[in-house]
Amino acid sequence: MLVLVAPGQGSQTPGFLTEWLELPGAADRVAAWSDAIGLDLAHYGTKADADEIRDTAVAQPLLVAAGLLSASALGDIAPGAVAGHSVGEITAAALSGVLDDAAALSLVRKRGLAMADAAAITETGMAALLGGDPEVTVPHLEKLGLTPANINGGGQIVAAGTMEQIAALEADKPEGVRRVVPLKVAGAFHTHHMGPAVETLAEAAKALAPADPKVAYVSNKDGRAVASGAEVLERLVGQVANPVRWDLCMETFKQLGVTALLELCPGGTLTGLAKRALPGVKTLALKTPADLDAARELVAEHAA
């Protein structure tokens, strides 16, 4: 059973779309998306530097575009389930048929802008914790007023809150945590600080007509496979201010009987987590079109 997954913010690197745009029809497709959302995706995916593509309002639509582009290059495939990490959930919604590509790009553009605006209200940030036991770490974070914004499995947790709270965490690490590494992000995503963005997205979602997913859609909220398109959309809106439970998503992959996990462009992060949490499961990350042949072989072996 094949699971198709889409990475989240932070996986983008300068120039990562360059080779993908050389595929037949890709440049025209991206140009049409760019016109529709008012953002030059080709420029940001090929010529922009790391600081430019770190901008939340840019990074999010760029990542969804990359995921959809790399998925279409695989051809018509039938995964047993789809999932995405944070903004990758919008890519997954399109792959499962809940939203069409145009609706997914429109929603993610509004999401990125709304989250950037919310992040500008209060100076907030995120930090990765290296080492430690989640059962010890999570209560410690909550004691400091921080949110465990990403619980990724394999002991990997990302904390989020005000810069003062992040500084307090660096001075008072949970038992077993070796290092606290501040992340270069614009704000405390997947926390209550994103409340204004939830309101904006809820309004935008009213204009959409989601279909029920054609394959199992595994949600970041609780790792549950969601069968209703309306519920998927509701979760996409609320998830902006809720922690990402990728650990529970991987537990669901196990229960579904996953035998292979394929990560869309710009792949790497989620396959790394899967190698630690899903022993015996074959993994492959789509980074450039050079990976497509191996990906197609994996699909042929493991897809329905």
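Preceding this section is the structure that the text describes.
In this text the structure is predicted, and so the values were computed from the model without any measurement.

Rules used throughout
- Residues numbered from 1 in each chain as written.
- Predicted model: local features only at pLDDT ≥ 70, side-chain atom pairs only at ≥ 80, totals over all residues.
- Heavy atoms only, no water.
- Axes fitted to C-alpha atoms, helices over the stretch in contact; angles between N-to-C directions.
- Helix = DSSP H or I, 4+ residues; strand = E, 2+ residues; numbered from the N terminus.
- Parallel < 35°, antiparallel > 145°, perpendicular 65-115°, else oblique.
- Left-handed = near helix turned anticlockwise from the far one by under 90°.
- Contact = heavy atoms within 4.5 Å.
- Nonpolar A, V, L, I, M, F, W, Y, C, P; charged D, E, K, R; others polar.
- Buried < 20%, exposed > 50% of the residue type's maximum accessible area, 1.4 Å probe, protein only.
- Arc of directions from axis to C-beta.
- Salt bridge = Lys/Arg side-chain N within 4 Å of Asp/Glu carboxyl O.
- Pairing = 2+ DSSP bridges.

**Description of the packing of helix α1 (residues 26-37) against helix α4 (residues 56-73)**
Here's step 1: Between α1 and α4, the least distance of the axes is 11 Å, while the angle of their chain directions is 150°. Overall, the two elements α1 and α4 adopt an arrangement that is roughly antiparallel. Of the two elements, α1 crosses α4, and the hand of that crossing is right-handed. Facing α1, whose interface residues are Ala 26, Arg 29, Val 30, Trp 33 and Ile 37, α4 presents Pro 61, Ala 65, Leu 68, Leu 69 and Ser 72.
Here's step 2: For the contact of α1 with α4, the class distribution of residues is 8 nonpolar, 1 polar and 1 charged.

**With respect to helix α12 (residues 269-277)**
Here's step 1: Buried within α12 are the following residues: Leu 270, Thr 271, Leu 273, Ala 274 and Ala 277. The buried residues of α12 occupy an angular sector of 160° when projected down its axis, which confines them to one face. Looking at α12, the residues exposed on the side facing more than 90 degrees away from the buried face are Lys 275 and Arg 276.
Here's step 2: Buried positions along α12 lie against β1 (2-6), β4 (147-153), β5 (156-162), α11 (246-256), β10 (260-263) and β11 (282-285).

**As for the environment of Val 181**
Here's step 1: On the secondary structure map, Val 181 appears in strand β6 (residues 177-182).
Here's step 2: Discounting chain neighbours no more than four positions away, the residues touching Val 181 are Met 126, Ala 127, Ala 128 and Leu 130.

**Section: the pattern of salt bridges**
Here's step 1: Going through the model one piece at a time under the given rule, you end up with 11 salt bridges.
Here's step 2: The residue Glu 203 makes a salt bridge to Lys 206 at a minimum N-O spacing of 3.1 Å.
Here's step 3: Residue Asp 247 pairs with Arg 245 through a salt bridge whose shortest N-O separation is 2.7 Å.
Here's step 4: Given a relative accessible area of 16%, Asp 247 falls into the buried group.
Here's step 5: You can call Arg 245 partly exposed: its relative accessible area is 25%.
Here's step 6: Here the salt bridges do not stand alone but share partners, grouping Asp 222, Arg 224, Glu 231 and Arg 235 into one network.

**As for the sheet that holds β5**
Here's step 1: Overall, mixed pairing links the 5 strands, which are arranged β6-β3-β5-β4-β9 in an open sheet. Either end of the sheet is taken by a strand with one partner, and the two such strands are β6 and β9 (244-245).
Here's step 2: Pairing of β4 with β9 involves 2 bridges; the strand directions are parallel. When the bridges of β9 are listed, Asn 150 appears paired with Val 244.
Here's step 3: Sheet strands in contact with helix α7 (residues 134-143) are β3 (124-131), β4, β5 and β6, and its direction is about 0° off that of β5.

**Quick word on the sheet that holds strand β8 (residues 225-226)**
Here's step 1: Spatially, β8-β7-β2-β1-β10-β11 is the arrangement adopted by the 6 strands of the open sheet, whose pairing is mixed. The two strands at the open ends of the sheet, each matched to only one other strand, are β8 and β11.
Here's step 2: As paired elements, strand β2 (residues 81-84) and strand β7 (residues 216-218) share 2 bridges and run parallel to each other. Paired with Ala 81 across the bridge in β7 is Ala 216.
Here's step 3: Contacting β1, β10 and β11, α12 runs over the sheet at an angle of about 160° to β10.

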